[in-house]
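Here is how the chains run, residue by residue.
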Amino acid sequence: MLITPAYAQAAAGGDANSMLMSLLPFALIFVIMYFLILRPQQKKIKDHQELVKNIRRGDTVVTSGGLVGKVTQVVDDDQIEFEISDGVRVRQMRQMISGVRAKGEPAKEKSEAKDETSAS
């Protein structure tokens, strides 16, 4: 006989408490992952959808490719048209907009950015 009776008896006894304790670390890891990764990502997606939905004519937008322009026309629910230079208009999918500046909000100058960091 290869297995002694003492080892065979210990292996046969598996109670629910030990099984629960072995699954507890996995459940704890899932909860931590939800609060640190999934929940903030869902909030970020929701904020981006709201930002894209509220684009209006006259807003200054920044695309994910780095183009900055002024919205001249909202074509439909999926596209906008914006002007990147005098007479140069580009159509862009709304989902590719990474940021919207308010109508009167100017771009920050380098000297203003330095003043704000030094004041903090």
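Residues numbered from 1 in each chain as written. Predicted model: local features only at pLDDT ≥ 70, side-chain atom pairs only at ≥ 80, totals over all residues. Heavy atoms only, no water.

With an unreviewed UniProt entry as reference, the protein chain is termed Sec translocon accessory complex subunit YajC, source organism Bradyrhizobium icense. Checking UniProt for the protein chain, the heading Sequence similarities (unreviewed entry) contains the comment "Belongs to the YajC family." (UniProt positions renumbered as here; feature names shortened; annotations may be inferred.)

A.B. asks: Tell me about the sheet that holds strand 4 (residues 88-93), and name the residues and values.
C.D. replies: Pairing in this open sheet of five strands is antiparallel, and the strands run 4-3-2-1-5 from one edge to the other. At either margin of the open sheet sits one strand with a lone partner, and together these are strand 4 and strand 5 (97-101). The mean inter-strand angle of the sheet, taken between neighbouring strand axes irrespective of direction, is 40°. (Pairing = 2+ DSSP bridges. Helix = DSSP H or I, 4+ residues; strand = E, 2+ residues; numbered from the N terminus. Axes fitted to C-alpha atoms, helices over the stretch in contact; angles between N-to-C directions.)

A.B. asks: Which residues make up the nonpolar core, and what values do they have?
C.D. replies: Within soluble globular proteins, side chains that are nonpolar generally end up buried alongside one another. Membership of the largest hydrophobic core is limited to six residues, which are Ile55, Val61, Val71, Ile80, Phe82 and Ile97. With residues up to four places along the chain from it excluded, the contact list for valine 71 reads Ile55, Arg56, Arg57, Gly58, Asp59, Val61, Ile80, Glu81 and Phe82. (Core = buried A, V, L, I, M, F, W, Y, C linked by side-chain atoms within 4.5 Å. Buried < 20%, exposed > 50% of the residue type's maximum accessible area, 1.4 Å probe, protein only. Contact = heavy atoms within 4.5 Å.)

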